[in-house]
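Summary of structural features
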Amino acid sequence: MEFLGFNIEFTQIGELWSTALEYAAPRWTPSGLAVVLATVGYFVVRGILGRAKKRWVTRTDTRLDDYLVEFLLRAGLFSIVAWAVWRLVIIWSIPNQAGTPPLVANWVLAIWVGLLFLPLSRFIGDVLDLVEGRVLATGETTLDETAFPLINRTVRFLVLALGVVLALDLLGLNIAPLLAGAGVMGLALSLAAKDTLSNLIAGVLLIMDRPFKVGDRIELWSAPNETGTWGDVIEIGLRATKIRNPDNLVIIVPNSLIMVRDIINYTMSGEDIRLRIPFSVAYESDIERAKVLLIATAKQVQGVKLEPEPIVIVRGFGPSDVQIQLRVWILEARNRRRIADEITGKAVAAFADAGVEIPYPKRELIIHGESEQKPRRLPRPG
């Protein structure tokens, strides 16, 4: 008989069938036993951990036991299925001359170990998220909501990388050449993307040093013309920092530029800050009267602290003015522009009502000549 281009005799088919039956006969019993054990173990683990999750875990206040039970459930069920597959591969594989497990069994074992690190990585990430919530709730930490996610992603990546390394080791692969090649490739990429790497390194330093955090109000260096020169930090990324200025413009500043500049943080030391508002009065005006008016005006503005009290000092003398400065403490640093504008507007009105003159440039022209001389009419041309 010809089948697929091959001449096959019925006697050969019978011999092949007999050989297959002879090979499979002693393997049906251990295969069935492995399947039965895996099935029983699957339902036992699922029943025990499922009942523990409903009756015990849900009654506690912490989420740690929930994460632990979920991890054990995923890892246990996956391990049982993977063991069954590995055992069946061992049973049905043709043994080699050295007596070692076949290559397919090693592949199954490596995949089993490698994928087992997926639920482990998720469990560690959930635990770190729980720690983040507890630590941030106490407020006794130098880390913030920007640093914790970075730590979380880094730890999870390292756990997954460990799983890959262990899986390759089970396959008998030498990872030293791979690491060397990765090092050479990393050097080439670092040279090609040095600006990006400098921003990444600066981003890590910003998260560690924390010169500002999300929500802080800082001074801008490269704001567009005719827009606000300060803004609120809305995101600290690994490459750049996003700042929203008072005109609702989001300015994205590379982290490498931030690290080489002076950072002015208006809210880092607390909500209350001191304002210094300059004024000028004429030499003919009563300076003490101007001081009293400025202090009284400042106390009328909402947001100005009464303790310590506002003060006014004389800073210097100009060509036509006495330069004074009002110093006040305010309750919220974010309202410094509004408070300064309100104090200045009320001070101008108070000076006008009290007769305190605000100097402005004036020139007096004195013409020397004959007072009775009549103008001479010039002849018309033509």
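So, here's what we can say about the structure.

About the thresholds
- Residues numbered from 1 in each chain as written.
- Predicted model: local features only at pLDDT ≥ 70, side-chain atom pairs only at ≥ 80, totals over all residues.
- Heavy atoms only, no water.
- Helix = DSSP H or I, 4+ residues; strand = E, 2+ residues; numbered from the N terminus.
- Buried < 20%, exposed > 50% of the residue type's maximum accessible area, 1.4 Å probe, protein only.
- Contact = heavy atoms within 4.5 Å.
- Areas by Shrake-Rupley, 256 points an atom, 1.4 Å probe, with all protein chains shown as cover.
- Expected span 1.5 Å × (residues − 1).
- Arc of directions from axis to C-beta.
- Pairing = 2+ DSSP bridges.
- Axes fitted to C-alpha atoms, helices over the stretch in contact; angles between N-to-C directions.
- Core = buried A, V, L, I, M, F, W, Y, C linked by side-chain atoms within 4.5 Å.
- Patch = residues over 30% accessible without salt bridge, like charges linked within 9 Å, V, L, I, M, F, W, Y side chains within 5 Å.
- Salt bridge = Lys/Arg side-chain N within 4 Å of Asp/Glu carboxyl O.
- Parallel < 35°, antiparallel > 145°, perpendicular 65-115°, else oblique.
- Left-handed = near helix turned anticlockwise from the far one by under 90°.
- Phe/Tyr/Trp six-rings, centres within 6.5 Å; stacked < 30°, edge-to-face > 60°.
- Lys NZ or Arg CZ within 6 Å of the ring centre and 35° of its normal.

Moving on: the overall build of the protein chain. Along the protein chain, the regular secondary structure elements total 9 helices and 9 strands. Relative to its full complement of 382 residues, the protein chain shows a buried share of 30%. Long-range contacts, defined here as pairs at least 24 residues apart, represent 63% of the contacts in the protein chain between residues at least 6 apart. With the model as given, the accessible surface of the protein chain reaches about 25900 Å², and the carbon-plus-sulfur share is 62%.

In this model helix H8 (residues 287-299) runs 19 Å from its N-terminal to its C-terminal C-alpha over 13 residues, within 8% of the 18 Å that 1.5 Å per residue would give. Among all positions in H8, only Ile287, Ala290, Lys291, Leu293, Leu294, Thr297 and Ala298 are buried. Here the buried residues of H8 occupy an arc of 165 degrees about the axis, which is enough to place them on one side. For H8, the elements touching its buried residues are strand S7 (273-281), strand S8 (311-317), strand S9 (322-330) and helix H9 (336-354).

Looking now at the sheet that holds S7. In spatial order, the strands read S7-S9-S8; together these 3 strands make up an open sheet with antiparallel pairing. The sheet terminates laterally at S7 and S8, the two strands that pair on one side only. Adjacent strand axes in the sheet meet at a mean angle of 25 degrees, parallel and antiparallel pairs treated alike. Pairing between S7 and S9: 9 bridges, direction antiparallel. Note that in S9 the partner of Val281 across the bridge is Val322. Running at roughly 30 degrees to S7, H9 makes contact with S7 and S9 of the sheet.

Here the focus is the nonpolar core. Among the nonpolar cores identified, the biggest contains 26 residues, and Phe279, Val281, Leu294, Ile324, Leu326, Val328 and Ile343 are the most heavily contacted of them. Residue assignment for this core shows that the elements contributing at least two residues are S7, H8, S9 and H9. Among residues more than four places away in sequence, those in contact with Val281 are Ile287, Ala290, Asp321, Val322, Ile324, Phe351, Val356, Glu357 and Pro359. Counting 12 residues, the second largest nonpolar core, distinct from the first, contains Leu206, Ile218, Val233 and Val253.

If you trace the backbone, Glu307 turns up in the loop between H8 and S8. In sequence terms Glu307 and Val328 are 21 residues apart; their C-alpha atoms lie 9.4 Å from each other.

The subject of this paragraph is a nonpolar patch on the surface. Together, Leu197, Leu200, Ile201, Val204, Leu205, Met208, Leu238, Met259 and Val260 make up an exposed nonpolar region whose accessible area comes to about 750 Å². Top element by residues in the nonpolar patch is helix H6 (residues 194-209). It accounts for 6 residues. Along the chain, the position of Met208 falls in helix H6.

Our focus in this paragraph is the sheet that holds strand S5 (residues 240-244). Taken in spatial order, the 4 strands line up as S3-S4-S5-S6 in an open sheet, and their pairing is antiparallel. Only two strands of the sheet have a single neighbouring strand rather than two, namely strand S3 (217-219) and strand S6 (250-254). Averaged over all neighbouring strand pairs, the angle between strand axes comes to 45 degrees, with direction disregarded. Inspection of the sheet shows S5 paired to S6 by 5 bridges, in the antiparallel sense. When the sheet's bridge partners are listed, Ala240 is paired in S6 with Pro254.

Once that is clear, we can look at the packing of H8 against H9. Describing two packed helices takes the angle between their axes plus the distance from one axis to the other. It is the contact of H8 with H9, at a shortest axis distance of 9 Å, that shows an interaxial angle of 140 degrees. Here H8 lies oblique to H9, going by the angle between them. Here the hand of the crossing between H8 and H9 comes out right-handed. Together, Arg289, Ala290, Leu293, Leu294, Thr297 and Ala298 of H8 and Ile343, Lys346, Ala347, Ala350, Phe351 and Ala354 of H9 make up the contact between the two elements.

Moving on: the packing of aromatic side chains. For the coordinates displayed, the defined rule picks out 4 aromatic pairs. Centroid distance Tyr42 to Phe43: 5.7 Å. Interplanar angle 80 degrees. Geometry classified as edge-to-face. Tyr42 gets classed as partly exposed once you look at its relative accessible area, which sits at 25%. We note Arg336 situated over the ring of Tyr266; from NZ or CZ to the ring centre the distance is 3.8 Å.

Right, let's talk about the pattern of salt bridges for a bit. What the rule picks out here adds up to 9 salt bridges. The residue Lys242 makes a salt bridge to Glu235 at a minimum N-O spacing of 3.5 Å. Taking the shortest distance from any N to any O, the salt bridge between Asp272 and Lys305 comes out at 3.2 Å. One end of the pair, Asp272, is in the loop between helix H7 (255-259) and S7; the other, Lys305, is in the loop between H8 and S8, with 33 residues separating them in the sequence. Each member of the salt-bridge network shares a partner with another, and the members are Arg217, Asp232 and Arg334.

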